[in-house]
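# Structural characterization, general
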Amino acid sequence: MMKRDFRIAYSLLGSLCLVLAAALLTACKNSKNQPLHEATLTVSILLPDGTPAAELPVLLFDETGKTALDKDPFAAPLATLTTDKNGTLTYTMEVGRWFANSTQRELTFAVRTGEPGNHHLWSVTRSVRPGDALELELRLTADPSFPSEPSESSEPSDPSEPSEPSEPTNPTDPTDPTDPTDPTDPSEPAEALLTGITLQQQPTKTTYNLGEPLDLTGLAVNGLYSDGSQRPLALDAVRVEGFTSAAAADALTLTVTYEGHQATLTVRVTPLRIEQGTLTEIQPVGGGELVLPEGITAVADRAAMFCDTTRIVFPEGLRSIGEMAFYGAALTEVVLPSTLQSLGQEAFYQCTSLRRADLSRTTFTTLPPRLFANTGLEEVVWPATLTEIGRQAFLGTSRLTTLILPSSLQTLALEAFRESAIQSITLPNAIRTVESRAFYQCSLLREVLTTGAVPAAPQGTLEGSCFVHCPALETLTLPEGLTTLGSNLLGGNTRVEAVHIPAAVTHIAFGAFDNTAIREVTVAAATPPSVETVVGQWYGFPSGVTVIRVPAGSAEAYRTAEGWSAFAGVIE
């Protein structure tokens, strides 16, 4: 019965999968053949005082017509439209007519008054794509309801009065109205009219940071005239609109307007807010690399929390990075510049995508607390000057498996690598302090090795509980520069069976190696190290230890020394 029900359920599930696959295939086909949609343009015509120009003829030109209009202000339009009582008109561009051969067209709307030789022309041009719904505004600089003034003519003569015969005129007579040299000759060509504008030169500044004001220094605008000439326009008469630096924009289009004619320019707004050389904000950029500009000397506290860029190029000249500056950021790599002098604690905390940190160019001596805590670090390149790794600096680094600490290191602070994924760690022999729980709960740690020269005057301390809850640890090599061993160093470990105690060790704390599986102990010091007892008991090694080897000639001293005497039977 159960098998039959299973077959029915399996059959139904297969059918459902086929239906879903078919629906998905249909959706994909439809998405590839989406039809184009008509575009609409709403044009508002305003009088000089800002009121709507009602029932006003508006001329429509396509690309070819616009070229003709630039040469002849009385070129024939493609169509003549009329504004409504609100001074607006709406024009619809059908797909079949306008977009059959091109997915981008250019339309010009113009208002023309007067006659050749005495007229006004205003226009606005826009690029249009299928599906666009655009709103355009054209402000007139003169009232189109007042026609151009006619030229003066003489009063008509009374036909009842006889006219006196006129005397022939000298063709060179300066009073002769037909004198070709007369500057008022009505046959002289009219002054060229403005038909459009163009940007002769872009502004010097085209890239802005967040919050910066518009700077038009260097901008040059020319007028285009009906005789084919270009003339520079006064910038104080030009209006530039559309600028804002409130949000990042790769290409922000600004509109330049002069007497109803328009041109455009493009600027970029970076996602950075920089105040007097300090980076205070990074807006989302959608991933990728972000290059910080020269001149930034500091990154403020929390300036780039959760920023989504995957790599930041820091400029030389950067001197400080504040606390939690890149907390939770999407960074995958950090390369710090040589000029950096200060790092705030938790600067890269919770950067779970971070894989590599290169600090080799810096001259840091100390890494601050929780600098790379809870990151995805796999590789660290140390500064040659490093002497201290701060508290929990690498706490919870879930991908950091192998690490060789620099020979210059002197201090490994409290819980520096707690709960990390380290499998192998190499400590310098000259290290001075490994603070409590430095490798606490490193569940994958298999071996602790040492490297480097032994200091002439050892003074190192391995504090208590350094390797507690490291169940995979099999090999424990203690740095030769240690003089003091803390309590409960390996509590709960069952894999380390032998330990070598360096010759420089002079003191071993209560229960240092108790509660472990250690069976063999080698002590290099000829003089028994002092021990810490509680109520006369030391518990330095587990009760199951089978042998404690000491230097030749030292066995009796060990058998009678405080604390060691409890293991007299296995000392040799």
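Note that the structure is predicted; figures quoted are calculated from it, not measured. Throughout, a residue's number is its position along its own chain's written sequence, starting from 1. Thresholds applied to this predicted model are a pLDDT of at least 70 for local features of residues and 80 or more for the giving and counting of side-chain atom pairs; totals over whole chains, interfaces and linings are not thresholded and use all residues. Side-chain descriptors were evaluated using all non-hydrogen atoms of the structure, hydrogens and water having been removed beforehand.

## What about the side chain of Thr113?
Which entries qualify depends on this criterion: Runs of E in the DSSP output that reach at least two residues are strands. Runs of H or I that reach at least four are helices, and both are numbered from the N terminus. When checking whether two residues touch, look at their non-hydrogen atoms; a contact exists if any pair is within 4.5 Å.
Mapped onto the elements of the fold, Thr113 is located in strand β5 (residues 105-115). Sequence-distant contacts of Thr113, defined by excluding residues within four places in its chain, comprise His119, His120, Trp122 and Pro144.

## What about the confidence of the model for the chain?
Going by this rule: Each residue carries a pLDDT score, the predictor's confidence in it, ranging from 0 to 100.
Averaged over the chain, the pLDDT score is 87; the fraction of residues at 70 or greater is 86%. Throughout residues 27-32 the model reports pLDDT below 50, and contacts reaching past four residues in sequence, or to other chains, amount to 0 contacts. Taken together, the stretch residues 148-188 has pLDDT below 50 and engages in 17 contacts with residues farther than four places along the chain or on a different chain.

## As for the sheet that holds strand β1 (residues 39-46)
Filter applied, for reference: A strand pair is defined by DSSP finding two or more bridges across the two strands. Axis definition: a line fitted to C-alpha atoms, limited for helices to the stretch in contact. Angles are taken between N-to-C directions and run from 0 to 180 degrees.
Sheet architecture is open: 3 strands sit in the order β4-β1-β7, paired in mixed fashion. Sheet topology places β4 (88-93) and β7 (133-139) at the edges, where each strand pairs with a single neighbour. Within the sheet, the average angular offset between the axes of one strand and its neighbour, ignoring direction, is 20°.

## Here's the deal with the pattern of salt bridges
Here is the rule: Put simply, a salt bridge is a Lys or Arg side-chain nitrogen that is within 4 Å of an Asp or Glu carboxyl oxygen. Any residue under 20% of the maximum accessible area for its type is buried, any over 50% is exposed, and the rest in between are partly exposed; the area is computed with a 1.4 Å probe on protein chains only.
A complete count under the given rule lists 22 salt bridges for this structure. Taking the shortest distance from any N to any O, the salt bridge between Glu333 and Arg311 comes out at 3.0 Å. Of this pair, Glu333 sits in strand β21 (residues 333-335) while Arg311 sits in strand β19 (residues 311-313), placing them 22 residues apart in sequence. The class for Glu333 is partly exposed, based on a relative accessible area of 21%. Overall, the relative accessible area of 28% leaves Arg311 in the partly exposed class. Here Glu333 and Arg356 are joined by a salt bridge, their closest N and O atoms 2.9 Å apart. On the criterion of sequence distance, the pair formed by Glu333 in strand β21 and Arg356 in strand β23 (residues 356-358) is long-range, its members being 23 residues apart. The network of salt bridges with shared partners includes Glu289, Arg311, Glu333, Arg356, Asp358, Arg361 and Glu379.

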